[in-house]
Amino acid sequence: MDDDYMASFTPLFLTESLEMAMEVENENSKPSCFSCVFDNQNGGRSFSSESYLASGSLKRLLLRLDPSPNDYEEDTVEMFGFQWVTEMALVESCRLLFGLLRQRIHGLENLVQMSSSDFSQAANLHSEAESIRHQCIEFLHYVKVFIFRYLEPPRAENDGMLHPYEELEAQVPSLLVEELHALTLQIGHLFELSSSVLAAFTIQHQAKLFPPSWHLLHLHLDIHWLVLEILHVLGEKMMRQVVYANHFMNLTGENLTSISLFETHCGNLICDLISISINKYIKVRPSEALTSHHYPCTCIKELWILLIQLLDHRNKGSHTESFWSSVNKNLKNIFERPSSSDRMSVFETNQCKDPLSFSWWIITHLASLYQFDRNGNLDEKKQKESNWKFVEELLKKSIDAQTGVLEEQLRMHLQCCLTLCSFWDLNLSVATILWDYYSKNLNSSFTVPWLGLKGLANVSKTPLSMLELVKSCCCDQQIPALYKSSNSYLIFLSILARMMKEEAENSGVHPWKQIKGRIYSKFHRRRMQELTEVGLQNFFNLFLMLAIVAEREDIVSRVLDLLDFLTPSSVTVCQRALIWRGQFAFLLIYVEKNMDISVLAEKLSNAFREKAKEFLVNKNDYTQKQNLWTLLSTYIDGVQEVFETSCNLNLSQEKLLNDGFTMLLPACRGAELSMVLNFLQVVLARLRSVHKRVSQGLQLGNTAANAQLPLVAKEHHLAVASALWRNFFPYLKSQRMAQMPPSPQLADTAAALDMPSKALSDLQPQPVLSMMQLFGWDDMVWPQLVSRYLSHLIQNSALYEAFSSMGYTSYEALTVRSWFRCILQMFIDQPTGMLAKTDAERTVGKVYMEQLIEMTRLVFKLKEVENVLSKANVEESVFKQDPKNALVQFIKAVGRTYGGLQTLPEKSAMVAKTLEYLGDVLKYVKPYLKVKGPPEGLQLTYWIIGCLVKFWAPILATSKAQQLLFRIIDCLLLPHSVLQQDKELPVALLSAIQESLPLYLQHLLLLNLKNYLILGLSFICCQSQTQGPYLNQLLGSIIQQYFGRFLPSSPTAPGAGVHPMVLALCSSVTVSQMLHLRKTTLNVINEHYLQFKGNAPPPRLASVLAFILEVLQRTESTELHDINLVLPAVLKCMVLLNELQVKKISTDILQYMVEGCQAGSGGEHATQLTSVFRQFIQDYTAVYDHRVFSILEIVAVSDQTLVTCLIPTITQSLKDSEHKQGLGRNTAQREAYKRLLSHLTEAGQNEIDTKNGK
């Protein structure tokens, strides 16, 4: 049962002595010894259960209890292999026993020398060495027990005769002193041990077998300590009377007593331990000083603790030397070489290159050992003896210029000092000594070169970082980490802060009052003007720390007075910026402590106003502007941090938002403007958050007393909002129509200003509707700004509620209109040429496209849009499409929805809503049309508006929308430039009209952009009653203008694709639309592209005929108007022209039309065809009889009936021709006619017979 367990059952009134007496029954009889071997049953203790601390050996020693109460109870005791009478052995055989002890020690030393690396002998050597060590320790423990139990205390002098045994017994104390002295001489100093023995310190403690050197080394430790124990027990037994070593003194003449031997041996032992620590310190870096222990083994650590406990215990009972006194004496010997040859040998053997740093290091680690109690347990509340007097001497040496201590050493010294402050009662003298040094060196950067960037002087970049740095000095820190994270000056501030706080808590009298005069007296006008930027940083660090832990208002007032000593001419820009940061850091302290900041805020804001005015005046002076921006950005960062760290805005924060911003904003460019707008967004967000929290507190039904604070806060919030609107909104309003696309932050900031919230409505002087009209719905505002602005607000449910409450129903429609415009104008800022885009342009385009995708997603969540898409059965995948495709899908959905309406009022309302969605669409695309580019913009324009005309054709056919249609035609299809036939249209414009439509339109062929327009117009022409003739005229004009522009020079010309008119005519539209469009197209072709000038054919005739042939082939049908409009011209070409390509195409057309008429229903097509051929025969037989007959032969192959019907006409034409010639029969004509008739079977033969008869 361990000590703690037993203590839990011990009544509180028992003394420590009685507790120990109750514990002895369960004590292990194994003698205590130094052991660094730990096992799993150690119970989490710091030391082995066999140690002098954990076993209770030290505690019994200090309490004057039997050292081994369960041992040596028999009459005899075995020591060194012999039996001895327990009560008489030391009296009768003292020298013999000590001689045997020395013999055993010598035997172990021989065993060390004989040992080898033969592992087969390791177990035997370990066992033998352990046995020797055990015998030696057991004997010395017996000596303690003998003195405590059997040695009689000194008796008063008497004249009676003594028994011989009594005479021997009386000599035992003197003999013990002599033998112990001889024993110490034999074992010598620890540092004198061979290196092979001292190397045993490094053996792993988890080992099971140890070499003899390990046992010898630990035996030396045991003997060194047990000699002190024995001398202490002897002194207590002799009632603290001095015991003289009479025989030794008689032989040598030297004085030797129990006290002198104790002091000498104790001093030597401490000297040895310091020497061991020196060897350990040689390998320690300054940055690792606090984490590197001074002991190579836990046994050394235990020995230090034993010495602390024993020496301080003896010091309390008598006027003997304390532990710190003995350590200090030895440490001084490192600095000043002692006259004693013995001491000289110690420190000459282990010279310390840096005795000052070593002294700091060893004292700090020794001070930490005071936390262990007599049982070896940690007790942080245990009272610790301080050593401040010696530390003050060390401190003076550390800061002495003659000593030449470097920053890397000084940091370590002050780390140690700070650590000691956490162990000992605080001492203001330390702070005073350090301040005298640092007050003279404020301009020093306190850097360590080999630390690299971490060692450089850090001038804080923001007020918050400055304050956080100082706060870290005022709170408990991981002191070992300070070496790299803090310089020596900051560690000094940590020491000063700790003293300020703890002294005030413990004594009740604030130490600031004691040290205040010393600090203030170091600063005067000349000293302030001598401060560099680093010096000012150190200045602020000092006073910020003091403001945190001492009298805040007094310190801030003093700082402001000191800063007034600095004239503008003596302060650089960087220094002025640092001063502003420092003042903002004080503001942050005020805010944290919930104190009003008006005085300091006004001082800063007035300085800001002056610099902002200079910035505006010097906006064209780059150098001056850069210098001023350094200050202005410092102010902006500071104000932002004040708002970000403010839990409430009732501390006069609005005073920081003065009219300096109205002068600053117009002069800002690029990154400068970005910073200011970001600052405004942060402040707005903070105002929104704080005001919402306060408003919620009011809504919870607070009593009048509790509601007073929120009401006051609300007034301050109004003041902040008013300052923001007054000083920032005019600039935002002016920038929405800037000549260059504005920064995305402008939209973000405008959206942040527009706060449609019930809690914030009273803070917004500009109505929500007005803001939307300015930034969201105005057609003159850049689309990049509109899309980003609306993306912020569309998803705000409070916005919808705000418009609903005011009865404004057009909110969603106008938002959709803006979406239309943003997509149509997505290329408006790109150059018109075909040059490759730069990386910057690609990035901007990508960003805007991402913004449009997000806006599209949000627009499709609007209730009106959702309703339209739902009725049109549009899938949700549309939301994820490219914005252009999504817009087309929406257009298509609106058209479908309109087509599904039944009643006239519903249709009329839908037309009005549709026009509201669309707005002045031509105004959106006017920039593209004006400059004829960029190509992407023109393509998008013709594509989207083409979709409008196609899918909204029924809507555009209404009276409300016809004017829009006419404008579309005038602007897109029939602009003035198109009507000028002598001028070529720009390539980009032609390409936009001619290129294919996107591939994602359902159930449609690949159509050209213009095809949609033509198809839609054909429908409108069919539907519209009032404007039918005019629309037909427009349709004809469009076909006339673009048919020739897209007609290749030759059907086989390179790159000649399918003519867009072919695709339009062959699309899957209704029959009426197709017939109307076909008739109009062929009529235009007949009038303008098939008319001969005399016998000269029209230009590009082959291409025109090829177009007609392709239409016939694709439609696989022949209409009546085809016969009237196309066939006469084709027959004429066949008669008049000999060009093979023309004749080939014309023949194909003729065959298609003849065959088409055969397939036609009824006789209407045949009648019309016959009529055309009759006229053809009458016109051309007289002159071109052979060609006419050849053409009719071709027709006869396909349709004999047709030609048979024409026999009378042909015969009559032949007669008329002969009559007109007046030459009688024309044999050649008649022979050609007979060949034609021969192809007509019976009817032809009959006609031949008739001719022959005649």
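Residues numbered from 1 in each chain as written. Predicted model: local features only at pLDDT ≥ 70, side-chain atom pairs only at ≥ 80, totals over all residues. Heavy atoms only, no water.

Student: Help me understand the overall build of the chain in this model?
Tutor: Looking only at helices and strands, the chain has 59 helices and two strands in total. When contacts within the chain are restricted to residue pairs at least 6 apart in sequence, long-range pairs at least 24 apart make up 76% of them. When the accessible surface of the chain is summed, it comes to about 55,900 Å², and 51% of that surface belongs to carbon and sulfur atoms. (Helix = DSSP H or I, 4+ residues; strand = E, 2+ residues; numbered from the N terminus. Contact = heavy atoms within 4.5 Å. Areas by Shrake-Rupley, 256 points an atom, 1.4 Å probe, with all protein chains shown as cover.)

Student: Even after reading the chapter, I still don't get the pattern of salt bridges, so can you show me in this structure?
Tutor: Between side chains of opposite charge, a pair can form when the charged atoms approach closely. Considering all chains together, one arrives at 32 salt bridges under this definition. The partner of Glu-407 in a salt bridge is Arg-411, and the shortest N-O contact between them spans 2.8 Å. Placement of both Glu-407 and Arg-411 in helix α17 (residues 407-423) is noted, with a separation of four residues, approximately one turn of the helix. Since its relative accessible area comes to 2%, Arg-411 is described here as buried. Salt-bridge contacts for Lys-625 lead to Glu-672; the nearest nitrogen and oxygen are separated by 3.6 Å. One end of the pair, Lys-625, is in helix α28 (residues 622-645); the other, Glu-672, is in helix α30 (residues 671-699), and 47 residues separate them in sequence. Take Glu-672: its relative accessible area is 10%, and that puts it in the buried class. (Salt bridge = Lys/Arg side-chain N within 4 Å of Asp/Glu carboxyl O. Buried < 20%, exposed > 50% of the residue type's maximum accessible area, 1.4 Å probe, protein only.)

Student: Honestly, the pairing of strand β1 (residues 76-79) in this entry has me stumped. Any pointers?
Tutor: Side-chain direction in a regular strand flips from residue to residue, so the side chains alternate between the two faces of the sheet. Here β1 shows a clear split, with Val-77 and Met-79 buried on one side and none of Thr-76 and Glu-78 buried on the other. As judged from the four bridges shared by β1 and strand β2 (residues 82-85), these two strands associate in the antiparallel manner. Paired with Met-79 across the strands is Phe-82, a residue of β2. Hairpin remark: β1 followed by β2, antiparallel, with two residues in the connecting loop; positive phi at Phe-80, about 55°. (Pairing = 2+ DSSP bridges.)

Student: Which parts of the structure should I look at to understand the nonpolar core?
Tutor: Counting residues in each nonpolar core, the largest one holds 406 residues, and the members touching the most others are Trp-225, Leu-542, Phe-543, Leu-664, Tyr-789, Phe-890 and Phe-1173. A total of 14 residues in this core trace back to one element, the largest contributor, which is helix α9 (residues 212-237). Residues in contact with Leu-542, not counting those within four places in the same chain, are Trp-435, Tyr-489, Leu-493, Leu-496, Ile-519 and Phe-523. (Core = buried A, V, L, I, M, F, W, Y, C linked by side-chain atoms within 4.5 Å.)

Student: Just to check I follow, could you spell out helix α7 (residues 164-187) for this structure?
Tutor: Compared with an ideal rise of 1.5 Å per residue, which puts 24 residues at 34 Å, α7 spans 33 Å between its outermost C-alpha atoms and is within 8% of the ideal. At Val-172, α7 shows its strongest bend, of approximately 40°, with the proline Pro-173 following within four residues. Gly-188 sits one or two residues past α7 and shows a positive phi near 70°. (Expected span 1.5 Å × (residues − 1). Bend = angle between axes of the 7 residues up to and from the residue.)

Student: So what exactly am I meant to see when it comes to the packing of aromatic side chains here?
Tutor: For any two aromatic rings, the description comes down to two numbers: the centre-to-centre distance and the angle of the planes. Under the counting rule described, the total for this entry stands at 59 aromatic pairs. Stacked on the ring of Phe-148, the Lys or Arg Lys-237 has its end atom at 5.8 Å from the ring centre. When the ring centre of Tyr-483 is taken as origin, the NZ or CZ atom of Arg-411, which lies over that ring, is 6.0 Å away. (Phe/Tyr/Trp six-rings, centres within 6.5 Å; stacked < 30°, edge-to-face > 60°. Lys NZ or Arg CZ within 6 Å of the ring centre and 35° of its normal.)

Student: Just to check I follow, could you spell out the environment of Glu-192 for this structure?
Tutor: As for its position among the elements, Glu-192 is in the loop between α7 and α8 (195-198). When its relative accessible area of 49% is taken as the criterion, Glu-192 is described as partly exposed. Considered as a pair, Glu-192 and Asp-272 are 80 residues apart in the sequence and their alpha carbons are 9.1 Å apart.

Student: For this particular structure, what's the right way to read the side chain of Thr-257?
Tutor: Examined against the element boundaries, Thr-257 turns out to sit in the loop between α10 (246-252) and α11 (258-281). For Thr-257, the contacting residues outside a window of four places in its chain are Val-177, Val-242, Val-243 and Tyr-244.

Student: Sorry if this is basic, but what is going on with helix α55 (residues 1164-1198) here?
Tutor: Side chains of residues three or four places apart in an α-helix project in the same direction, reflecting 3.6 residues per turn. With 35 residues, α55 should reach 51 Å at 1.5 Å per residue; the first-to-last C-alpha distance of 18 Å falls well below that figure. When the local axis directions of α55 are compared, the greatest deviation, roughly 125°, occurs at Tyr-1184.

Student: So what exactly am I meant to see when it comes to the confidence of the model for the chain here?
Tutor: On average, the chain scores 82 in pLDDT, and the residues at 70 or more come to 84%. A low-confidence stretch, residues 338-345 (pLDDT under 50), is modelled with twelve contacts involving residues beyond four sequence positions or located in other chains. (pLDDT = per-residue confidence, 0-100.)

Student: Please clarify how a nonpolar patch on the surface should be interpreted in this entry.
Tutor: A cluster of nonpolar residues, Val-242, Tyr-244 and Ile-259, forms a patch on the protein surface that exposes about 230 Å² of accessible area. Take Tyr-244: it is sitting in the loop between α9 and α10. (Patch = residues over 30% accessible without salt bridge, like charges linked within 9 Å, V, L, I, M, F, W, Y side chains within 5 Å.)

Student: I would appreciate a short explanation of the packing of helix α24 (residues 533-549) against helix α25 (residues 552-563) in the present structure.
Tutor: Each pair of packed helices can be described by the angle between their axes along with the distance between the axes. At a minimum axis distance of 8 Å, the contact between α24 and α25 shows a crossing angle of 160°. On the basis of their axis angle, the class for α24 and α25 is roughly antiparallel. Note that α24 runs across α25; the crossing there is left-handed. Only Arg-552, Ile-555, Val-559, Leu-562 and Leu-563 of α25 make contact with α24, whose side of the interface consists of Phe-539, Phe-540, Phe-543, Leu-546, Ala-547 and Ile-548. (Axes fitted to C-alpha atoms, helices over the stretch in contact; angles between N-to-C directions. Parallel < 35°, antiparallel > 145°, perpendicular 65-115°, else oblique. Left-handed = near helix turned anticlockwise from the far one by under 90°.)

Student: What am I meant to see in the environment of Asn-618 here?
Tutor: Along the polypeptide, Asn-618 turns up in the loop between α27 (598-617) and α28. Given the relative accessible area of 23%, Asn-618 is considered partly exposed. It is 9.2 Å that separates the C-alpha atoms of Asn-618 and Leu-628, two residues lying ten residues apart in sequence. Once residues within four sequence positions are removed from consideration, Asn-618 is found in contact with Gln-624, Lys-625 and Leu-628.

Student: What is the right way to read the state of the cysteines from this model?
Tutor: All told, the structure shown has zero disulfides when counted by the stated rule. Between Cys-36, a free cysteine, and Cys-297, which holds the nearest cysteine sulfur, the sulfur-to-sulfur gap is 3.6 Å. Assessed through its relative accessible area of 1%, Cys-36 is described here as buried. (Disulfide = S-S within 2.5 Å.)

Student: Would you explain unusual backbone geometry in this entry?
Tutor: Negative phi values dominate among residues other than glycine, just as trans dominates among peptide bonds. Following Gly-933, the chain continues to Pro-934 via a peptide bond in cis, the omega torsion being 0°. Looking at the secondary structure, you find Pro-934 in the loop between α41 (921-931) and α42 (935-951). Phi is positive for Arg-64, which is not a glycine, with a value near 60°. Mapped onto the secondary structure, Arg-64 falls in the loop between α3 (57-62) and β1.

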